[in-house]
Amino acid sequence: ANMTNKNVFIVYDENTTTKYATAIYVLPQIAETVAVVYNSNYTAPAVSTTSTVRVAKGSTTATAAANMFAAPTGKVFDGWNTQADGLGTTYAVGATLPTMAADLVLYAVWADTYTLTLNANDGSATPATSVSTVAQGATVKAPACAFTAPTGKVFAGWDSDGDSNVDYVVGANITVGTNITLKAV
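Residues numbered from 1 in each chain as written. Predicted model: local features only at pLDDT ≥ 70, side-chain atom pairs only at ≥ 80, totals over all residues. Heavy atoms only, no water.

Overall, the coordinates contain 2 salt bridges when judged by the stated rule. Two residues, K57 and E32, come together in a salt bridge whose shortest N-O distance is 3.5 Å. Residue K57 is located in the loop between β4 (50-56) and β5 (75-81), and its partner E32 is located in the loop between β2 (19-25) and β3 (33-39); the two are separated by 25 residues in the primary sequence. K57 sits in the partly exposed class, given a relative accessible area of 42%. Look at E32 and you get exposed, because its relative accessible area is 53%. Residue K75 pairs with D112 through a salt bridge whose shortest N-O separation is 2.5 Å. Of this pair, K75 sits in strand β5 while D112 sits in strand β7 (residues 104-119), placing them 37 residues apart in sequence. Given a relative accessible area of 32%, K75 falls into the partly exposed group. Residue classification places D112 among the partly exposed positions, given a relative accessible area of 31%. (Salt bridge = Lys/Arg side-chain N within 4 Å of Asp/Glu carboxyl O. Helix = DSSP H or I, 4+ residues; strand = E, 2+ residues; numbered from the N terminus. Buried < 20%, exposed > 50% of the residue type's maximum accessible area, 1.4 Å probe, protein only.)

What follows deals with the packing of aromatic side chains. The full count for this structure, using the stated rule, is 7 aromatic pairs. Residues F155 and W158 carry aromatic rings whose centres are separated by 5.1 Å and whose planes lie at 65° to one another, so their mutual orientation is edge-to-face. A relative accessible area of 0% means that W158 is categorised as buried. Connected via pairs of aromatic rings, a cluster forms that spans Y38, Y42, F69, F77, W80 and W110. (Phe/Tyr/Trp six-rings, centres within 6.5 Å; stacked < 30°, edge-to-face > 60°.)

V36, Y38, W80, L97, M100 and L106 are the most contacted members of the largest nonpolar core, which has 17 residues in total. Residue assignment for this core shows that the elements contributing at least two residues are β3, β5 and β7. Top contributing element to this core by residue count: β7, with 4 residues. Residues contacting M100, with those up to four places away along its chain left out, are V34, A35, V36, V55, A56, K57, G58, S59 and A62. Among the nonpolar cores identified, the runner-up in size contains 13 residues, and A120, I174, V176 and I180 belong to it. (Core = buried A, V, L, I, M, F, W, Y, C linked by side-chain atoms within 4.5 Å. Contact = heavy atoms within 4.5 Å.)

Before going further, it helps to examine the side chain of S59. Here S59 is to be found in the loop between β4 and β5. A residue is classified by how much of its surface remains accessible, and S59, at 14% relative accessible area, is buried. Here S59 is in contact with P98, T99 and M100, once residues within four sequence places are set aside.

Turning to the confidence of the model for the protein chain, a few remarks are in order. Detailed reading of the predicted coordinates is not advisable wherever pLDDT is low. Mean pLDDT over the protein chain stands at 85; residues scoring 70 or higher make up 80%. Mean pLDDT across the elements of the protein chain ranges from a minimum in strand β1 (residues 6-12), with 55, to a maximum in strand β6 (residues 90-91), with 97. (pLDDT = per-residue confidence, 0-100.)

A word on unusual backbone geometry. Its identity as a non-glycine residue notwithstanding, N41 has a phi of 65°, on the positive side. With respect to the helices and strands, N41 occurs in the loop between β3 and β4. Look at S164: it is not a glycine, yet its phi comes out positive at around 65°. Tracing the backbone through its elements, the reader meets S164 in the loop between β10 (158-159) and β11 (173-175). Overall, S164 belongs to the partly exposed group, its relative accessible area being 49%.

This is the structure in structure tokens:
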């Protein structure tokens, strides 16, 4: 033990002229901690199913950690929940957790994924399509066009239903509930 934090007192015996030197060591106080247990909420070969982080008991500044688990096939990480079935309290990465009075178990929430495909639609690019994976129910912004427009044309927006009309302008919200192909118009 490190005994560098000490106070020395000189004690006098009233019956004699003897002095006694006494050292009192102050030991560091160890804060009580509680655990935040992150559970992968699925099992996979060779994958750890839990990860534990210790925080000071009573902490009001603990935040939900980033995902540390590999996603199951066809899924994307979508936050943490206090119940394995997702019906408890949900916390996004970085969200402040409740006052840490006791251990807390957080279960990974996994959302189905869909593809958002951007198609050059007679424009030029290599490749002529760009595919992104998006969580089910996520809202994404219609992106700017990175394709080169055909000669004599300018990009106006994105067609989602094949009628060659603009359904989404750049920056418009798109709620993903299925696979979507957007063609440059």
